[in-house]
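Coordinate analysis (summary)
Single-letter residue listing:
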Amino acid sequence: MTATAPSGETLWSRCGGCAALLYRKRLRRNLDVCPECGRHARVAAPERVRQLVDPGSFRPLPDRAVEVDPIGFVDVLPYPHRLTAARSDTGLPEAVLCGTATVGGTRCALAVMDFRFLGGSLGCAVGELITRTAEQALEARLPLVLVTASGGARMQEGALSLMQMATVSQAMAALREVGLLTVSVLTDPTYGGVAASFATSADLVLAESGARMGFAGPRVIRQVTGRSLPEGFQTAEFLLRHGQVDLVVPRHALRARLATLLAVADAGRRAANRAGAPAPPPEAAHPVEESGAPVRDAWETVRLARHPGRPTTLDYLETSFDGFTELHGDRLGGDCPAVVGGLARLDGRHLMVIGHQKGHTTAELAARNFGMATPAGHRKALRLMRLAARLGLPVVTLVDTPGADPGVDAEEHGQAAAIAENILTLSVLPTPVVTVVTGEGGSGGALALAVADRVLMLQHAVYSVISPEGCAAILWPGRTAAPQAARALRLTAPDLCRLGVVDEVVPEPDGSAADDPEATARAVRQALLANLLPLLDVPAVTLVQRRRRRFRRFGAARSSARAGAR
Ligand SMILES: [Zn+2]
């Protein structure tokens, strides 16, 4: 059944998901998302641009696509005939539409692929146009947004198509070097050479609901492996679960989401420019603050630190911070639930927050692996730290873990090296880092998030090289010595302040943090602001020098320096 308007446009179309017959104009108003089943239909590039950018703000790239038939390819038709047909079918010169625009008021460069044009394939002209868009972004210091829809590299241009993966990647690398944000929006379908280059090498990878992305297509994988594929294979939700994308965003929310992310990058860049300019201020003397509160027994503090009623990282993100956008995944195959992170604001300032996530109930704790990060969790944290540094955003970490995940899987996936890489990266990260130990600071798993310029600790938190139980089991006869071990380890906040491991104790309300989470959140927010603000104007080089000195002075270094001074 087809009903046709006088203009020749069909009035009705049938949903590819639920087969409902839909009035075309209504569907268009709903951004081509079926109002019955929510299926996201494919969108042509010009329509996509209209959906994403501020009205009237799009300026196409002045460059025109050049006619390319580098290898004189002929199948049943000569390649130029196919190009001509694609042009007349789509009204586009090539499979990508490029330009600049504003999204939520922030200017960006934009390249939007169109699957209707030879399957959105990446040929020489497409690669060239996206590269020029990236170069335009670099020249004008703009973030770059790529909306992908592609079956892969264009066969009809042979190995020269394959080379476009490298050409565009190189242009993306130049943006990475100067800290300009790149965002890709995966739409259905994104496969092959596009998936294996700029679609996934962007700083942030968003998947539109319903999008599928992969290197090899499902048909090929079935043929090669002879196996049927799992339900939902390569869908946006599958990708999120397997750490491949930061966010899954329904089409209706895409413009607002992009606007938020672009604004963060803009703010970070301006802040970084500011910090680069002035001469280094003198290093502030931070007196070790002694807590005036009555001294509790160390073992009692351990129990308070582990109390399930204590606020978690997600609680603090809700209460101490504003506008949290969670970013997911390590891009390597996992999204560890024991580590959460993303962009947030503290008193209007944009920053990256990363923390261990426990839970309040047994079910929540189990779902979060009791706050014990896997290698995927450490690599997610690493990815977000590096991204923050590139974008000129300060990093706040919240530490609350019994320790890194001690499982077989974790060992197989390189737990030790994952922790090591975080410690090393943090020690030279060119942006301010402030840590708050909010509950348990368990060993290497804690330090993987805590090599910071300022290390704060809640009054009843603990921070230790090993759990008291673990220590007791190794060094004491019998299993009942954990309380003695807790006292011997000097793991409370006042002890650690005296040792210089911690700079400041954040007071907890009467009882403990669990008794008044709101008051605790306010105290954390206040302490963070007081410690972070003085760091914001310090040039990155100075910050890193001081951080290295901070971690150089402990233990034997400290006593030998003292001996030398005498
Ligand atoms: Zn439908």
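- An unreviewed UniProt entry annotates the protein chain as Multifunctional fusion protein of Micromonospora lutea.
- As stated in UniProt under Subcellular location (unreviewed entry), the record for the protein chain gives "Cytoplasm".

1. Here's the deal with the overall build of the protein chain
- When you go through the protein chain residue by residue, the secondary structure sums to 23 helices and 18 strands.
- The C-alpha radius of gyration computed for the protein chain amounts to 27 Å, which stays within 12% of the reference 24 Å derived for 566 residues, consistent with globular compactness.
- Structurally, the protein chain occupies a C-alpha span of about 85 × 50 × 40 Å along its principal axes.
- Split into buried and exposed, the 566 residues of the protein chain put 50% on the buried side.
- Long-range contacts, defined as pairs at least 24 residues apart, comprise 72% of the intrachain contacts of the protein chain with a sequence gap of at least 6.
- Accessible area of the protein chain: about 25100 Å², with a carbon and sulfur share of 56%.

2. Quick look at helix 2 (residues 45–52)
- Within helix 2, 6 of the 8 residues are buried, which leaves it mostly tucked inside the rest of the structure.
- Listing the buried residues of helix 2 in full gives Ala45, Glu47, Arg48, Val49, Gln51 and Leu52.

3. Observations regarding the UniProt feature "zinc finger region: C4-type" (unreviewed entry) in the protein chain
- The UniProt entry lists residues 15–37 under the feature "zinc finger region: C4-type" (unreviewed entry), expressed in the numbering used here.
- Segment residues 15–37 splits into 26% helix and 13% strand. End C-alpha atoms: 9 Å apart.

4. Observations regarding the coordination of the zinc ion
- Within the protein, the atoms that donate to the zinc ion are Cys15 (SG), Cys18 (SG), Cys34 (SG) and Cys37 (SG), at distances of 2.3 to 2.4 Å.
- The coordination sphere of the zinc ion comprises 4 donor atoms, whose angles at the metal cover 106 to 112°; the geometry is tetrahedral.

5. Looking at the nonpolar core
- Of all hydrophobic cores here, the largest spans 127 residues; its most connected members are Phe198, Leu206, Phe321, Met352 and Ile354.
- Broken down by element, the residue count for this core peaks at 9 residues, all from helix 21 (residues 517–536).
- Residues contacting Leu206, with those up to four places away along its chain left out, are Val183, Ser184, Val185, Leu186, Leu247, Val249, Leu254, Arg257, Leu258 and Leu261.
- Counting residues in hydrophobic clusters, the runner-up holds 8 residues, among them Trp299, Val302, Val462 and Ala482.

6. Brief notes about the pattern of salt bridges
- With the rule as written, the count across this model stands at 33 salt bridges.
- Between Asp347 and Arg525 there is a salt bridge; the shortest N-O distance is 3.9 Å. Taken together, the positions of Asp347 in the loop between strand 12 (339–346) and strand 13 (349–356) and Arg525 in helix 21 put the pair 178 residues apart, joining distant regions of the chain.
- Among the residues examined, Arg525 registers a relative accessible area of 24% and is labelled partly exposed.
- Residues joined in a network through salt bridges with shared partners are Arg24, Arg28, Asp32, Glu47 and Arg50.

7. Digging into the pairing of strand 4 (residues 96–103)
- The element strand 4 is extensively covered by neighbouring structure, given that 7 of its 8 residues are classed as buried.
- For strand 3 (residues 59–60) and strand 4, the ladder comprises 2 bridges, and the chain directions are antiparallel. Paired with Arg59 across the strands is Thr100, a residue of strand 4.
- Pairing geometry for strand 4 and strand 5 (residues 106–113), over 8 bridges, is antiparallel. Bridge pairing links Leu97 to Val112 in strand 5.

Rules used throughout
Residues numbered from 1 in each chain as written. Predicted model: local features only at pLDDT ≥ 70, side-chain atom pairs only at ≥ 80, totals over all residues. Heavy atoms only, no water. UniProt positions renumbered as here; feature names shortened; annotations may be inferred. Helix = DSSP H or I, 4+ residues; strand = E, 2+ residues; numbered from the N terminus. Rg over C-alpha atoms; globule rule 2.2 N^0.38 Å. Buried < 20%, exposed > 50% of the residue type's maximum accessible area, 1.4 Å probe, protein only. Contact = heavy atoms within 4.5 Å. Areas by Shrake-Rupley, 256 points an atom, 1.4 Å probe, with all protein chains shown as cover. Donors = N, O, S within 2.8 Å, 3.2 Å for Na, K, Ca; no water. Tetrahedral: all angles 85-135°; square planar, octahedral: opposite > 155°, others 65-115°. Core = buried A, V, L, I, M, F, W, Y, C linked by side-chain atoms within 4.5 Å. Salt bridge = Lys/Arg side-chain N within 4 Å of Asp/Glu carboxyl O. Pairing = 2+ DSSP bridges.

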